[in-house]
Amino acid sequence: MLTKFETKSNRVKGLSFHTKRPWILASLHSGVIQLWDYRMGTLIDRFDEHEGPVRGVHFHKSQPLFVSGGDDYKIKVWNYKTHRCLFTFLGHLDYIRTVHFHDEYPWIVSSSDDQTIRIWNWQSRNCISVLTGHNHYVMCASFHPKEDLVVSASLDQTVRVWDISALRKKTVSPSDDISRISQMNTDLFGGVDAVVKYVLEGHDRGVNWASFHPSLPLIVSGADDRQLKLWRMNDTKAWEVDTLRGHMNNVSCVMFHAKQDIIVSNSEDKSIRIWDATKRTAVQTFRREHDRFWVLAVHPEMNLLAAGHDSGMIVFKLEKERPAFSVSGDFLYYVKDRFLRSYEFSSQKDSQLVPIRKPGSVSLNQGARTLSFSPTENAVLICSDVDSGCYELYIVPSDNTGKGEIMQDAKRGLGGSAVFVARNRFAVLDKSSNQAVVKNLNNEVVKKTPLPLSTDAIFYAGTGNLLCRSEDKVVVFDLQQRLILGELQVSAVKYVVWSSDMESVALLSKHAIVIASKNLIHRCMLHETIRVKSGAWDQNGVFIYTTLNHIKYCLPNGDSGIIRTLDVPVYLTKVSSNNIFCLDRDGKNQIIMIEATEYIFKLALLRKRYDHVMSMIKNSQLCGQAVISYLQQKGFPEVALHFVKDERTRFNLALESGNIQIAVASAKEMDEKDHWYRLGIESLRQGNTSIVEYAYQKTKNFDRLSFLYLVTGNREKLSKMLRIAELKNDPMGQFHNAMYLGDVEERVKILERSGHLPLAYITAITHGLSETSKRLAAELGDSVPVVPESKTHSLLLPPAPLMCGRDWPLLRVMRGIFEGGLEEIGRRGHEEQEEDGEATGADWGDEDLDIVDAEGVIKIGVTDNEAEYAEANDENYEGGGWDLEDLELPADVGTPVAATSARASVFIAPTPGMPVSQIWIQKSVLAVKHVAAGDFRTAMNLLYWQLGINNFALLKPMFMDIYTGSHTHLPAFPTAPVISIALEMGWSESSTPNVRSSPALIFSFSKMDEKLKSAYRATTEGKFSEALRQFLNILHTIPLVVVDSRRELDEVKELIEIAKEYVLGLKIEVKRKETKDDLIRQQELAAYFTNCKLQKIHTRLVLTSAMTICFKGRNFATAANFASMLLESNPSEVQSKKARQVLQACGDKSDAHQLNYDYRNPFMVCGATFVPIYRGQKDVSCSYCGARFSLQFQGQQCTVCEIAEVGAKTTGLLCSESWMR
């Protein structure tokens, strides 16, 4: 059984496959109907309108409908597109067992415990026939797939076949008058629409299920007598063919396989059994531990089955459907229908070569599994699982012009895998001795070579080389020199695909693809949520692979994408240009046309073939959000800009690429304040002051505009801003502009008009305006402020501007490869931007910009949207108060235009790369990487989700150590800040910039062993406080440790358990030493310490201590028990002698005090109260260390590890990205 999907739920009573989509319906005993996508493993929808168990459910073959029937006596018809129940049929008087759609007519047949079968018309929504005759519960009923028949099974021990042809004639097509009269007579005199054609008797107990064969006149039934019966029928009678015995309890369901001569049954004996329908013998049995099976479903078109049991359901296949094949040059060699066949890619010619002998056993999965071909010798090796693994060697005749029907006497042998390693040599894996046995074409052993690791499969890796696979590693092994040429940590590799030049290899596992070099140097890794099925390399070095529902590509740097979707899985054999050659599950060759432009474009970018990129941009129809996002991600926003039509996206890309030309054009199209604001910021960053001025004017940001004029030294426009503020009646704006201009007299006037006479007086007298100060002093009278004479006066005057009236100088860099080429073919390249007055860009050279004076944009009615730039924001301002002729501003004002000659001579500075610390944390769920990158918040969130850790005060020193340990700092210039550099493990100059190694970490798993030994030593020496500190340090360090192999991952989990037991025990001992007055509590704590799982040397010390304490406390029976346990632990002579003395002294004496300790009843010690939690009592555990607590401590801090929450729901420990839990 190959399990494809499994759910956990209430008991599943009904199942139904969708004929086209990868969906399955499951009706539960709880009354819920679930709709699952078994390919993706996701719950699509749930329907819960039934009251009580739903026992029957069925998809319609072509309509978006399904029907359900339950214990509420209701039959409901649902539309899964609208997610609602369309209508309900009422009529049955007891539980409804099954419901079933007719494939052609608008009928539903239902069976019920009311001993009837009813046929309903779901279009007219009424009951059209009631079939009576059974005298007990009717357990199932279903239509024949082609004929007008219904089969039913009942607890009255019979199977009945009903003829419903009269019903079809009545309801479907009464075509002529004679048939109508006949129909009227039938209705008038009580004719029957459905009659019993056969009654099949033979079962000794009630029959639970009966079903038709999809094409043959056969019926199979299963009953409470634990038997299956096979029945045959013809036009006149039906009879029993055979009885199949083997189930140990009631048979719940039985069906014919849709595509094979197989019967599948399941039972309350917790098993599914497979039977050969031809030989009528048992083939295979699959069992579950605790779950009884209740229902089966067979996919009508695919090799899929489903079974419902007490705690959910499983979707499974009986056999692998992947055809065995091998590609050699222009030929594909594959196995189909017990024949070896060849397919020529160029001519698309398919030929039958050699018949292959059928296996002698009747077990499943005995077909060809792998195929290896030697082109020089025309030899083929075919491996299968017959006899636990064997191979057959065939020689293909070179002049094979016939039908290939002559059976060869193939050479055979046992072995887990067999592949050609040279022209006339092949290697066979001998798992028992872990050797590669090299044989010649006569099947004679040439030599035997021990393999370097425990190997469960071998693959071809070049002449004389093998790729050996173990559970978590693959190695390339040279058979001649017995050397390991390369090794790579990768788990569960299923298939190996080499490139045509043997320089690259793809290692395919169930949900991952690893791309490596020929010496297994890791290049990239891809993870898929659904199963990877096959792959092939194209001529450009791109790996094309298929999943269950997609054809995808993987570039050499690990970038991937979807090429197209698939209706059914296929297995790639060759990729040639835009054609993909593949085999389907039936072994038929197919050619799929694909559009390769996207990944060829990305490959050209990756390899920096910019001439190809430019050519593809000009000539192809590349488009889509995926391409735009990819170009942005890879640092080519100026290229992405070419593909975009949406103005918002164009604006964002233009800002990112520094293309002020397009940004201004897009901003004018949208004319939104936020975009003008962002344009102003970017223009200011580039020093393009004319565009900054234009953006500030569009947003009416007068404060920023005034400050811009100040720093650029444009005093003339500052004066005009002062007059605008005066017209707006904005005293603060006037004061600021006057201050920017250094106009002291104007400042004094503004302060005087605003009523701030003391400030006006001080300003005037400080700046030497004697006449004005005297006048103000006269107005102030006695309130004249006193100016301190001891203070030195400093005048508040604006500084001299750095530049006057020009843009900031820009850095000259080399012209970009795409510059110019994209300008010619850009979306707006054909527009004459100078004519419509739009801003076209910044000055990238030393020449002045050819910019129209932008001061006129302040004028009302001049700009495109006729906005009033000096519009008053004050509520008291009333329009019409401006006299614009007084301002004497020019009327012909437009958007500033950059000089194109200057623009073309230089280019924007390169975009900074991604920080290494950011690369570390991309798509990483390891908290320690986020700590090393300095992202403590995310690290803390990850540790809480994974382990429930919430007390980070204890981890703060470790966080700081990891962060500082993974960075170094270099001093730069004396006035410049120190440069922080991230430290990587295994860094090299040849590494790709955005593919980085892991951070250098100060905590490693290898150091944990030293810490553990030190803690053991402190425990042995009786330094309990020191030992407790060291074990706690181990528990606090483990969440921040990274491991590489599955073995280390298991050791980490074991170390957590060890440290937890010691911390708990040592805390109990420390508590005992603090409890001096309560002798009984002391004895209890000593007894609890013995329950901790410690090393033998420490267990003996704990038992000795507990024995002594209890003996002194006169609890002789308990002390004798500890003495017996000590003697069983292989003690030293001194400990043994002491134990025997205690046993002798205790004799048959009883305990003097009652202790809360029962060594006969297994228990765990509560980590908070240090009292036993006996078996059967409810408890809760720490989400990290696993320490046990009473229920009252749910949600509190764990007192054992001191960092995690008790009872938190977590995902579990993650300390390795290659071995995710």
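In what follows, the accompanying structure is described. Just so it is clear, the structure is predicted and the values come from calculations on it, not from any experiment.

**What about the overall build of the protein chain?**
At step 1: Of regular secondary structure, the protein chain possesses 29 helices and 61 strands.
At step 2: Taken across its 1221 residues, the protein chain has 52% of its residues classed as buried.
At step 3: Sequence-distant contacts in the protein chain: of pairs separated by 6 or more residues, those separated by 24 or more amount to 50%.

**So, the packing of aromatic side chains**
A ring pair, where both rings are aromatic, is described by two values, the distance of the centres and the angle of the planes.
At step 1: This model, assessed by the stated rule, comprises 38 aromatic pairs.
At step 2: Seen from their ring centres, Trp676 and Tyr694 are 5.4 Å apart, and the 85 degrees between their planes marks the pair as edge-to-face. Placement of Trp676 in helix H9 (residues 673-686) and of Tyr694 in helix H10 (residues 689-699) is noted, with a sequence separation of 18 residues between them. With respect to burial, Trp676 and Tyr694 carry one shared label: buried.
At step 3: By way of ring pairs, the aromatic residues Trp23, Phe47, Phe59, Phe66, Trp78 and Tyr80 are connected into one cluster.
At step 4: Lying across the ring of Trp294, Lys13 places its NZ or CZ 4.1 Å from the centre.
At step 5: For the cation-ring pair, Arg322 lies above Tyr495, with the distance from its terminal atom to the ring centre recorded as 3.7 Å.

**Describing helix H16 (residues 770-780)**
At step 1: The set of residues buried in H16 consists of Ser773, Leu776 and Leu780. Along the long axis of H16, the arc covered by the buried residues comes to 65 degrees, so they all point the same way. Summarising the geometry of H16, the exposed residues directed more than 90 degrees from the buried face are Glu771, Lys774 and Ala778.
At step 2: Contact partners of the buried residues in H16: helix H14 (744-753) and helix H15 (757-766).

**Some remarks on the nonpolar core**
At step 1: Ranked by internal contacts, the top residues of the largest apolar core, which has 94 residues, are Phe1031, Cys1182, Tyr1184, Cys1185, Phe1189, Cys1198 and Cys1201.
At step 2: Of the residues forming this core, the biggest block, eleven residues, is contributed by helix H25 (residues 1046-1074).
At step 3: Not counting residues up to four positions away in its chain, the partners in contact with Phe1189 are Cys1166, Gly1167, Ala1168, Ile1173, Asp1179, Val1180, Cys1182, Cys1198, Thr1199, Val1200 and Val1206.
At step 4: Counting residues in each nonpolar core, the second largest holds 43 residues, with Leu149, Val207, Leu228 and Ile262 among its members.

**Quick look at the side chain of Asn443**
At step 1: Along the chain, Asn443 falls in the loop between strand E39 (435-440) and strand E40 (445-450).
At step 2: Asn443 gets classed as buried once you look at its relative accessible area, which sits at 18%.
At step 3: Aside from chain neighbours lying at most four places away, what touches Asn443 is Tyr391, Lys411, Arg412 and Phe426.

**Observations concerning the sheet that holds strand E16 (residues 158-163)**
At step 1: What the four strands build is an open sheet, ordered E14-E15-E16-E17; its pairing is antiparallel. Where the open sheet ends on each side, the last strands, each with one partner, are strand E14 (138-143) and strand E17 (195-201). For this sheet, the mean inter-axis angle between neighbouring strands, taken without regard to orientation, is 20 degrees.
At step 2: The pairing of E16 with E17 spans six bridges and is antiparallel. Along E17, the bridge assignment pairs Asp163 with Val195.

**Some words on the pattern of salt bridges**
At step 1: Across all of its chains, the model carries 44 salt bridges by this definition.
At step 2: In this structure, Glu716 and Lys720 form a salt bridge, with 3.7 Å as the shortest nitrogen-oxygen distance. Within this pair, Glu716 and its partner Lys720 are both found in helix H12 (residues 715-727), separated by four residues, close to a single helical turn.
At step 3: Among the residues examined, Glu716 registers a relative accessible area of 51% and is labelled exposed.
At step 4: The buried category is assigned to Lys720, whose relative accessible area is 14%.
At step 5: Glu746 is paired through a salt bridge with Arg753; the nearest N and O atoms lie 3.9 Å apart.
At step 6: Here the salt bridges do not stand alone but share partners, grouping Glu6, Lys8, Arg288 and Asp291 into one network.

**Things to note about the pairing of strand E15 (residues 149-154)**
Successive residues of a regular strand alternate their side chains across the two faces of the sheet.
At step 1: Burial within E15 is extensive, with six of its six residues counted as buried.
At step 2: Judged by which residues are buried, E15 turns out to be covered on both faces: Leu149, Val151 and Ala153 on one side and Val150, Ser152 and Ser154 on the other are all buried.
At step 3: Count of turn residues in the E14/E15 antiparallel hairpin: five residues.
At step 4: Hairpin connection from E15 to E16: three residues lie between these consecutive antiparallel strands, with Gln157 at a positive phi of about 75 degrees.

**Focus: unusual backbone geometry**
At step 1: Even without being glycine, Arg280 reaches a positive phi, approximately 55 degrees.
At step 2: One can find Arg280 in the loop between strand E24 (271-276) and strand E25 (281-287).
At step 3: Taking the relative accessible area as the measure of exposure, Arg280 reaches 31% and is therefore partly exposed.
At step 4: A positive phi angle is found at Ala492, which is not glycine, with a value near 55 degrees.
At step 5: The partly exposed category is assigned to Ala492, whose relative accessible area is 46%.

Scoring rules and cut-offs
- Residues numbered from 1 in each chain as written.
- Predicted model: local features only at pLDDT ≥ 70, side-chain atom pairs only at ≥ 80, totals over all residues.
- Heavy atoms only, no water.
- Helix = DSSP H or I, 4+ residues; strand = E, 2+ residues; numbered from the N terminus.
- Buried < 20%, exposed > 50% of the residue type's maximum accessible area, 1.4 Å probe, protein only.
- Contact = heavy atoms within 4.5 Å.
- Phe/Tyr/Trp six-rings, centres within 6.5 Å; stacked < 30°, edge-to-face > 60°.
- Lys NZ or Arg CZ within 6 Å of the ring centre and 35° of its normal.
- Arc of directions from axis to C-beta.
- Core = buried A, V, L, I, M, F, W, Y, C linked by side-chain atoms within 4.5 Å.
- Pairing = 2+ DSSP bridges.
- Axes fitted to C-alpha atoms, helices over the stretch in contact; angles between N-to-C directions.
- Salt bridge = Lys/Arg side-chain N within 4 Å of Asp/Glu carboxyl O.

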